[in-house]
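Descriptive analysis of the structure
This is what each chain is made of:
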Amino acid sequence: LYYRSTDSQGINYSLAWGDFVSSIGNKLQELFSLENKIVLLTGAAGSIGRVMAEGFAAVGATMALCDIRMDDLRNIADRIGKNVGIYHLDLLEMDNIKKCVDAVIADFGRIDVLVNCAGINRREGFLDVEESTYDRIMNVNLKGMFFLTQEVVKHMIKEKKGNIINIASHNSVGMLGGCSVYGATKSAVAALTRSMAIEFAKHGIRANALAPGHFLTDLTTVTWEHPERSRYLRERIAMERPG
């Protein structure tokens, strides 16, 4: 089989089908490969984090997987198989944040991509939230993410390049009841992303946020199993299913 095309001057060209398919593959590799890119991923042991870790690795990235659940990280690292390191990261501990980033730099020399995926939630009514719950969600989702990014960007500035991907949420723009503190943190993540993009552009560093919809994860199971809330969600999703 041959692929035939005509250029603007009417000249015919023929290309063997295998070569044509190969050329597409080469172009996709050129555009989307993450070969030789070092990706630091927080929340790597979570439902979305695990999938992202394997997705990045599948297109060639070297992964620095960070979480507090080290056994889960080991299992993910085993599945990835190569070009992967695991690191204990507790976003509630400022000293641990710096130690984690320093360890990744010591092992890989730089960080090309930071993915802030770690996050927690507790679904409670506004009037039921206690100070300890408020502080924990705020400190993980916002404060910890802020200061981790600060540490990583110090190194990206030296390289004069970098890419920050923050995981926000549908709750950044469309709030659900019982998610007041979580929604506030994710709205702040979206706002912080804009600040990062403006401040870091002069250093060749990009910042973007993803706002996932209602996927079925460990964090959202309680919502999807709720008879009223799950119906509310399905009615607002065209395919009537998570994600």
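Please refer to the structure higher up on the page.
Each value, and the rule that gives it
- Residues numbered from 1 in each chain as written.
- Predicted model: local features only at pLDDT ≥ 70, side-chain atom pairs only at ≥ 80, totals over all residues.
- Heavy atoms only, no water.
- Salt bridge = Lys/Arg side-chain N within 4 Å of Asp/Glu carboxyl O.
- Helix = DSSP H or I, 4+ residues; strand = E, 2+ residues; numbered from the N terminus.
- Buried < 20%, exposed > 50% of the residue type's maximum accessible area, 1.4 Å probe, protein only.
- Contact = heavy atoms within 4.5 Å.
- Core = buried A, V, L, I, M, F, W, Y, C linked by side-chain atoms within 4.5 Å.
- Phe/Tyr/Trp six-rings, centres within 6.5 Å; stacked < 30°, edge-to-face > 60°.
- Right-handed = clockwise from strand over helix to strand, strands pointing away.
- Axes fitted to C-alpha atoms, helices over the stretch in contact; angles between N-to-C directions.
- Left-handed = near helix turned anticlockwise from the far one by under 90°.
- Nonpolar A, V, L, I, M, F, W, Y, C, P; charged D, E, K, R; others polar.
- Pairing = 2+ DSSP bridges.

1. Some points on the pattern of salt bridges
One pass over the structure, following the stated rule, counts nine salt bridges. Its salt-bridge partner being Lys 27, residue Glu 30 comes within 3.3 Å of it at the nearest N-O pair. Of this pair, Glu 30 and Lys 27 both sit in helix H1 (residues 17-32), three residues apart, which is roughly one turn of the helix. A salt bridge links Lys 154 to Glu 151, with the shortest nitrogen-to-oxygen separation between them at 3.2 Å. Of this pair, Lys 154 and Glu 151 are both found in helix H5 (residues 131-159), three residues apart, which corresponds to roughly one turn of the helix. Judged by relative accessible area, which is 12%, Glu 151 ranks as buried. Each member of the salt-bridge network shares a partner with another, and the members are Asp 67, Arg 69 and Asp 72.

2. Topic: the environment of Ile 165
One can find Ile 165 in strand S7 (residues 162-167). Relative accessible area serves as the criterion here: at 15%, Ile 165 is assigned to the buried category. Between the C-alpha atom of Ile 165 and that of Cys 117, which follows or precedes it by 48 residues, the distance is 8.3 Å. Filtering out sequence-adjacent residues up to four positions away, Ile 165 remains in contact with Phe 56, Val 113, Leu 114, Val 115, Asn 116, Asn 208 and Leu 210.

3. Examining the nonpolar core
Counting residues in hydrophobic clusters, the biggest one holds 28 residues, and the most contacted among them are Leu 40, Ile 111 and Ile 164. Tallying contributions element by element places H5 first for this core, with six residues. Other than its neighbours up to four places away in sequence, Ile 164 contacts Leu 114, Asn 116, Thr 149, Val 153, Met 156, Met 196, Phe 200, Ile 205, Arg 206, Ala 207 and Asn 208. Ranked by size, the runner-up nonpolar core spans 20 residues in total, among them Leu 41, Ala 45, Phe 56 and Val 115.

4. A short note on the packing of aromatic side chains
For the structure shown, the criterion picks out one aromatic pair. Seen in terms of ring centroids, Phe 146 and Phe 147 are 5.0 Å apart; in terms of plane orientation they differ by 65 degrees. Their pairing is edge-to-face.

5. Quick notes on the pairing of S7
Along S7, six of the six residues are buried, which leaves the element largely enclosed by surrounding structure. Residues Gly 162, Ile 164 and Asn 166 line one face of S7 and the alternating positions Asn 163, Ile 165 and Ile 167 line the opposite face, and both faces are buried. For the handedness criterion, the β-α-β arrangement of strand S6 (residues 113-116), H5 and S7 is classed as right-handed.

6. Notes on the packing of helix H4 (residues 94-108) against H5
Across the interface, H4 lies against H5 with an axial gap of 10 Å and an inter-helix angle of 35 degrees. For the pair H4 and H5, the sense of crossing is right-handed. Here Met 94, Ile 97, Lys 98, Val 101, Asp 102 and Ile 105 of H4 lie close against H5, whose contacting residues are Lys 143, Gly 144, Phe 147, Leu 148, Glu 151, Val 152 and His 155. Classifying every residue of the contact of H4 with H5 by side-chain character gives seven nonpolar, two polar and four charged.

7. Focus: the sheet that holds S6
Two strands in a sheet stick together by hydrogen bonds in their backbones, pointing the same way (parallel) or opposite ways (antiparallel). If you trace the six strands from one edge of the open sheet to the other, you get S5-S4-S3-S6-S7-S8, paired in parallel fashion. Every interior strand has two partners, whereas the edge strands, strand S5 (84-88) and strand S8 (205-210), have only one. On average, adjacent strands in this sheet sit at an angle of 15 degrees to one another, irrespective of strand direction. As judged from the five bridges shared by strand S4 (residues 62-67) and S5, these two strands associate in the parallel manner. Counterpart to Asp 67 in the pairing with S5 is His 88. Along the sheet face, helix H3 (residues 70-80) touches S4 and S5 and points at about 175 degrees away from the line of S5. Here helix H6 (residues 180-200) sits on the sheet and contacts S7 and S8; the angle it forms with S7, its principal contact strand, is near 165 degrees.

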